Amino acid sequence: MPHRQRYSCVIRRLGLVLFLWMVAHSCSFQSPQEPIFVTEWFIPLVDKTWSLSELTEEMKELEVDGKTDRMIFTYRNDLSLGFDDQLLRIELDPGNANPRTYSTNVETVDSLRVQTTGFLLQEPSVIDRGTIEFFLTNTSPMQSLVIRLVLLDLLEPDGVTHPSLDITVPAASPGQSKNSVPVAIDLRDYQFDPVLMGDKNYMRFSIRPRGSAPDYSGGLVLSSSRRSFILRSITGRFDRINALFKDVVIDNPVPEELKDIRFYDVELLIPLWATVCVPMNLLLHISAENPRNDPVAPLVIGNSYNPVPCQPEQVDTLKIPNIAAFFNSNPERLSISGLVQVGDPSAVYTIGSDDSLYVQTIFRAPLIVQLPVDTTLTEPDTVEIDEDLQDLLRDTVENLTMTSEIENHTPMAVSVSLLFSESRSDKSIYDHPADLVIGPILLAQAELTGDPALVAKPAKGVWNQSLSKEQMELFTRNDTVYMGTKIVYAGTASRMVQIRPSDYVRATASLKAALSSKNGEEE
């Protein structure tokens, strides 16, 4: 047999043996298949940074100094002192205005002493408001009296005419010993120019009979009841007039968010403005009421001013340092009262009803503090999930993992939790079980430097959390998911740290999905 024929025969025999072996072992062939690939996709959901200036922006008492990258706690309150009622009041001396009796048949000139509060009027002044009231009494049982009362040191608004009144006082009624008639004069816009005698001001008046005055027993009695009025301005010599500021009560001077912190330093600034250039002594008394920590002594501040040359503007700013203990007592309220002494009897000054003193009390404290354990609940953000992403997650995902990265650039250790909800878009997300909670992710304190300490280098951490099928569906059945962030600060214990507006907590969150080409083909 030729060699080629023998080779073909061997091949046929081997093929038969292989076929019989396959049949005996029940083997089968599969049709050709495409390779199966499993890949990982990262789907970013959240990239959010919360700076401390943003987290505290609702606290109006915290100001940000962008030039120095400092946060400053500032609390202002105003004290205003108008001069009208307290310093410009004229009164007739009650001891000098007792009832007095006059003859009814001759003209009589008399005067009432003017009682002022620490000044002598040197020039005429217009009366802003007030009424003077006289009582004229006829002690005759038989004859009525007709007299003219002239106020010699007052001028009517025309600036020329002295106010005068013709008054009839009837005789006493039967069985009565006298009869009285009240006479009131509204002095608004009248001019007052009292005489000056022996370092006292006096207001003169005259009693003049009208018509014949028959001889009779009895006479005319004059007394005054309402004896004060307010001048629009006073030009004269002032001698340490005391005027009181109205008490100011400040409830809860430290915001609730800062109740338990301890300030490193607090400074009190007291700017003073004056619209009148009169020598003055300022005295303020500030007390911390019902302190929740150690009681502290009241702050008593006093200073003297003599604005020369006269420039009615900000007179000065008092600076009282080192009052941290006062604020660290954590008072429920502050009470501010005070007075100002105005004047120098050696010179003549003018004070008007439009003049005033204006004082601010400004507590300023750079946010260098000891901080307690505290929690911040941020306003929820929205996470948008488009339809393509939902389809991708629903159709091709083998498993889903939430990967979160947290960066802590604050001088405290923190823990961060991300709460996801499909229905709660406000802070109620923190009051009910969330649909998905990532964390809490614990981060150590950032690297600090200095004393008081500030952040030199942030701390970072990564958190991976596998999601259950139910949790995965949160992102496949909603085009919007709400996310709240709960940040718990561990506090600084007894260490003072500097809080800067640029300090922050940053959170990123991504979905890590294992995608299978097999799943995609089958779907």
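None of these values were measured; they are calculated from a predicted model.

S.K.: Lay out the sheet that holds strand β18 (residues 233-238) with the relevant residues and their values.
M.R.: What the 3 strands build is an open sheet, ordered β7-β18-β26; its pairing is antiparallel. The open sheet has two edge strands, β7 (119-121) and β26 (348-352), and neither has a second partner. Across the sheet, the axes of successive neighbouring strands diverge by a mean angle of 45 degrees, strand direction being ignored. Two strands pair when backbone bridges link them, and β7 and β18 are joined in this way by 3 bridges, in the antiparallel orientation. Looking at β18, one finds that Leu 120 is bridged to Arg 237.

S.K.: Any details on the sheet that holds strand β38 (residues 497-498)? Residues and values, ideally.
M.R.: Pairing is antiparallel across the open sheet formed by 3 strands, whose spatial order is β20-β28-β38. Strand pairing shows two members of the sheet lacking a second neighbour, β20 (262-263) and β38, which therefore form its edges. One ladder, built from 2 bridges, connects strand β28 (residues 368-370) with β38; its direction is antiparallel. Paired with Val 369 across the strands is Val 497, a residue of β38.

S.K.: Outline the packing of aromatic side chains, listing residues and values.
M.R.: Tallied over the full model, the rule gives 10 aromatic pairs. For the ring pair Phe 73 and Phe 327, a centre distance of 5.7 Å and an interplane angle of 70 degrees mean the geometry is edge-to-face. On the criterion of sequence distance, the pair formed by Phe 73 in strand β3 (residues 70-82) and Phe 327 in helix α4 (residues 324-328) is long-range, its members being 254 residues apart. Between the aromatic rings of Phe 192 and Phe 229, the centroid separation amounts to 5.5 Å while the plane-to-plane angle is 90 degrees, which identifies the pairing as edge-to-face. In this pair, Phe 192 sits in strand β13 (residues 191-192) while Phe 229 sits in strand β17 (residues 228-231), placing the two residues 37 residues apart along the sequence. Here Phe 192 falls in the buried class, since its relative accessible area comes to 0%. By relative accessible area, which is 1% here, Phe 229 ends up buried. Connected via pairs of aromatic rings, a cluster forms that spans Phe 73, Phe 263, Phe 326, Phe 327 and Phe 363.

S.K.: Describe in detail the side chain of Thr 410, supporting the description with residues and values.
M.R.: Structurally, the position occupied by Thr 410 is in the loop between β31 (397-409) and β32 (414-421). At a separation of 2.7 Å, a polar atom in the side chain of Thr 410 contacts the side chain of Asn 408. Those residues within four positions of Thr 410 in sequence are excluded, and the remaining contacts are Ala 446, Val 455, Tyr 489, Asp 503, Tyr 504 and Val 505.

S.K.: An account of the pattern of salt bridges is requested, with residue identities and associated values reported.
M.R.: Applying the stated criterion across every chain, the model contains 14 salt bridges. The residue Arg 148 makes a salt bridge to Asp 166 at a minimum N-O spacing of 2.6 Å. Remark: Asp 166 occurs in strand β11 (residues 164-169) and Arg 148 occurs in strand β9 (residues 145-151); sequence separation between them is 18 residues. A single salt-bridge network, built from bridges that share partners, covers Asp 128, Arg 129, Asp 189 and Arg 232.

S.K.: Lay out unusual backbone geometry with the relevant residues and their values.
M.R.: Residue Pro 440 is reached from Gly 439 by a cis peptide bond, and omega for that bond is 5 degrees. Turning to its location among the elements, Pro 440 is positioned in strand β33 (residues 436-443). In this structure, the amide linkage connecting Asp 451 to the following residue, Pro 452, adopts the cis form with an omega of 0 degrees. In this structure, Pro 452 sits in the loop between β34 (447-449) and β35 (454-457). A positive phi angle is found at Asn 330, which is not glycine, with a value near 55 degrees. Within the secondary structure layout, Asn 330 lies in the loop between α4 and β25 (333-342). The exposure class assigned to Asn 330 is buried, which follows from its relative accessible area of 4%.

S.K.: Please provide a residue-by-residue account of the environment of Ala 171, values included.
M.R.: Within the element layout of this structure, Ala 171 appears in the loop between β11 and β12 (179-186). Note: C-alpha distance between Ala 171 and Pro 141 (30 residues apart in sequence) is 5.4 Å. Discounting chain neighbours no more than four positions away, the residues touching Ala 171 are Asn 138, Ser 140, Pro 141, Met 142, Gln 143, Ser 144 and Asn 179.

S.K.: Before we move on, could you go through a negative patch on the surface and cite the residues and values that matter?
M.R.: A contiguous patch of negative charge, built from Glu 58, Glu 256, Glu 257, Asp 260, Asp 374, Glu 379, Asp 426 and Asp 431, is present on the exposed surface. Mapped onto the secondary structure, Glu 379 falls in the loop between β29 (374-377) and β30 (381-384). Glu 379 sits in the partly exposed class, given a relative accessible area of 49%.

Definitions and limits used
Residues numbered from 1 in each chain as written. Predicted model: local features only at pLDDT ≥ 70, side-chain atom pairs only at ≥ 80, totals over all residues. Heavy atoms only, no water. Pairing = 2+ DSSP bridges. Helix = DSSP H or I, 4+ residues; strand = E, 2+ residues; numbered from the N terminus. Axes fitted to C-alpha atoms, helices over the stretch in contact; angles between N-to-C directions. Phe/Tyr/Trp six-rings, centres within 6.5 Å; stacked < 30°, edge-to-face > 60°. Buried < 20%, exposed > 50% of the residue type's maximum accessible area, 1.4 Å probe, protein only. Polar contact = N/O pair within 3.5 Å; in protein donor to acceptor, adjacent residues only side chain to side chain. Contact = heavy atoms within 4.5 Å. Salt bridge = Lys/Arg side-chain N within 4 Å of Asp/Glu carboxyl O. Patch = residues over 30% accessible without salt bridge, like charges linked within 9 Å, V, L, I, M, F, W, Y side chains within 5 Å. Areas by Shrake-Rupley, 256 points an atom, 1.4 Å probe, with all protein chains shown as cover. Lys, Arg positive; Asp, Glu negative; His and termini not counted. Charge placed at Lys NZ, Arg CZ, Asp CG, Glu CD.

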